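This is what each chain is made of:
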Amino acid sequence: MNIGLIGVGVMGEPMAKNLKKAGHKVTVHSRTVGRCDALLPLGIEVVETPGQVFEASDAVVIMVPSHLEVDQVLGRSSEGAIAAPVRDKTVILMATVAPAYSQGLAASLAAAGARYVEAPVSGSRQPAELGQLVILASAAEQEYIDDVQPLFDAIGKKTVRCGAVPTAMRMKLANQLLLIACFEAISEATHFAAGIGLDVQQFLDMAQAGPLANDVLRSKVAKLVTDDFAQQAPIRHVAKDIGLVCDEAAQRGVWLPIALANRSLFSEAMLAGQSQDDAIGIIKILRRGR
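Analysis parameters
- Residues numbered from 1 in each chain as written.
- Predicted model: local features only at pLDDT ≥ 70, side-chain atom pairs only at ≥ 80, totals over all residues.
- Heavy atoms only, no water.
- Helix = DSSP H or I, 4+ residues; strand = E, 2+ residues; numbered from the N terminus.
- Buried < 20%, exposed > 50% of the residue type's maximum accessible area, 1.4 Å probe, protein only.
- Contact = heavy atoms within 4.5 Å.
- Salt bridge = Lys/Arg side-chain N within 4 Å of Asp/Glu carboxyl O.
- Expected span 1.5 Å × (residues − 1).
- Bend = angle between axes of the 7 residues up to and from the residue.
- Pairing = 2+ DSSP bridges.
- Right-handed = clockwise from strand over helix to strand, strands pointing away.
- Core = buried A, V, L, I, M, F, W, Y, C linked by side-chain atoms within 4.5 Å.

1. Side note on the overall build of the chain
Scanning the chain from terminus to terminus reveals twelve helices and nine strands. Structurally, the chain occupies a C-alpha span of about 60 × 45 × 35 Å along its principal axes. Across the 290 residues of the chain, 51% fall into the buried class. The long-range fraction of contacts in the chain, counting pairs at least 24 apart against all pairs at least 6 apart in sequence, stands at 66%.

2. Describing the pattern of salt bridges
Enumeration according to the criterion identifies 16 salt bridges in this entry. A salt bridge links E248 to R252; its shortest N-O distance comes to 3.2 Å. Placement of the pair is E248 and R252 together in helix α10 (residues 235-252), with a separation of four residues, close to one helical turn. A relative accessible area of 12% means that E248 is categorised as buried. Given the relative accessible area of 51%, R252 is considered exposed. Each member of the salt-bridge network shares a partner with another, and the members are E13, K17, R125 and E129.

3. As for helix α6 (residues 142-155)
Along its 14 residues, α6 runs 19 Å from first to last C-alpha, staying within 8% of the 20 Å computed at 1.5 Å per residue. A maximum bend of about 55 degrees is found in α6 at V148, where proline P150 lies one to four positions downstream. Taken as a whole, α6 has its buried residues at Y144, I145, V148, Q149, L151, F152, A154 and I155.

4. Points about the pairing of strand β8 (residues 133-139)
Looking down a regular strand, the side chains alternate between one sheet face and the other. Taking burial as the measure, the seven residues of β8 include seven buried ones, the bulk of the element. The two faces of β8 match: L133, I135, A137 and A139 on one face and V134, L136 and S138 on the other face are all buried. Where strand β7 (residues 121-122) meets β8, two bridges bridge the pair, whose relative direction is antiparallel. The residue bridging V121 from the neighbouring strand is I135, located in β8. For β8 and strand β9 (residues 156-163), the ladder comprises six bridges, and the chain directions are parallel. Paired with I135 across the two strands is T159, which belongs to β9. For the segment spanning β8, α6 and β9, crossover handedness is right-handed.

5. Some thoughts on the side chain of K220
Inspection of the secondary structure puts K220 in helix α9 (residues 215-226). Taking relative accessible area as the criterion, K220 reaches 2% and is therefore assigned buried. Once you skip the residues sitting within four places of it in the chain, K220 turns out to touch F183, I186, Q232, A233, D278 and I280.

6. Comments concerning the nonpolar core
Grouped together as the largest cluster of nonpolar side chains are 32 residues, with contacts concentrated most on M15, V28, I92, M94, V117, L151 and F152. Taken together, the elements giving at least two residues each to this core come down to β1 (2-6), α1 (12-21), β2 (25-29), β4 (59-62), β8 and α6. For this core, the element with the highest residue contribution is α6, accounting for seven residues. In contact with V28, other than residues within four places in its own chain, are L5, V8, A16, C36, L39, I44, E45, V46, V47 and V53.

7. Overview of the environment of T49
Within the secondary structure, T49 sits in the loop between β3 (45-46) and α2 (50-56). Exposure remark for T49: the relative accessible area of 34% places this residue in the partly exposed category. Linking T49 and R31, residues 18 residues apart in sequence, is a C-alpha distance of 8.5 Å.

8. Topic: the pairing of strand β5 (residues 90-93)
The alternating pattern of β5 places T90 and I92 on one face and V91 and L93 on the opposite face, and all of these are buried. Pairing of β4 with β5 involves four bridges; the strand directions are parallel. Note on β5: the bridge partner recorded for V61 is I92. The parallel pair β4 and β5, bridged by helix α3 (residues 67-74), forms a crossover whose chirality is right-handed. Here β5 runs beside strand β6 (residues 115-118); their pairing, made up of four bridges, is parallel. The residue bridging I92 from the neighbouring strand is V117, located in β6. Crossover β5 to β6 through helix α4 (residues 99-111) is right-handed.

In structure tokens form, the structure reads like this:
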């Protein structure tokens, strides 16, 4: 396939590498100068504008931080008109956005003659590097997903077909609620263990041997023991996603007390300048105390 990827960041870079490794022709664009340098020696084409990505590709993955960047990439106006050359292309949105926004985007792309696949992913940097992401996919027609399944197979271990847009985005938000609660619980339990005088390594070893052991815990143990806050799932993304969860819940009259507490906690970390930290960086906020 001729695949384009817009957004070469924490997730986009390893995704581009895995697409190329699977034999696809890959064209990428990043807003950040130098972000694509490591991809050039692999035979991945780097272009200067999003429009050039669309022109070179049959299917284009958009992996940017939020709906604001999605609209910029597509040249989407406040009325919903799209300026990018998307006609007869498949546009795959892998960013996490509000379900209502995704539904509106589907209508805009259909009007512009494009096929839209809503496909947020579950997983962070390490699963992306290993090609072990879980893809949540929704589209107006299942054949749209069929057409890009080879792309999904190159970057993920499982594709969950969720039905019509925006069901996949809602599924992603439910998953993020669980994942973010896990990040917070691991960080808070570690903070508590240290605060009551336990050996933190021994506590985390015990937790890994117990009934709550999981991949998230295993991926964070060494980071927590050494105060390694290099981003895997960065706080800026977590703060955005838990905000989307809380907004969707409020619109539907669903009470989520722990999600609201986590939104407050991760917002505090953002205000403290921790946007580049991994999610476990919230332990710094806990250590500061009240």
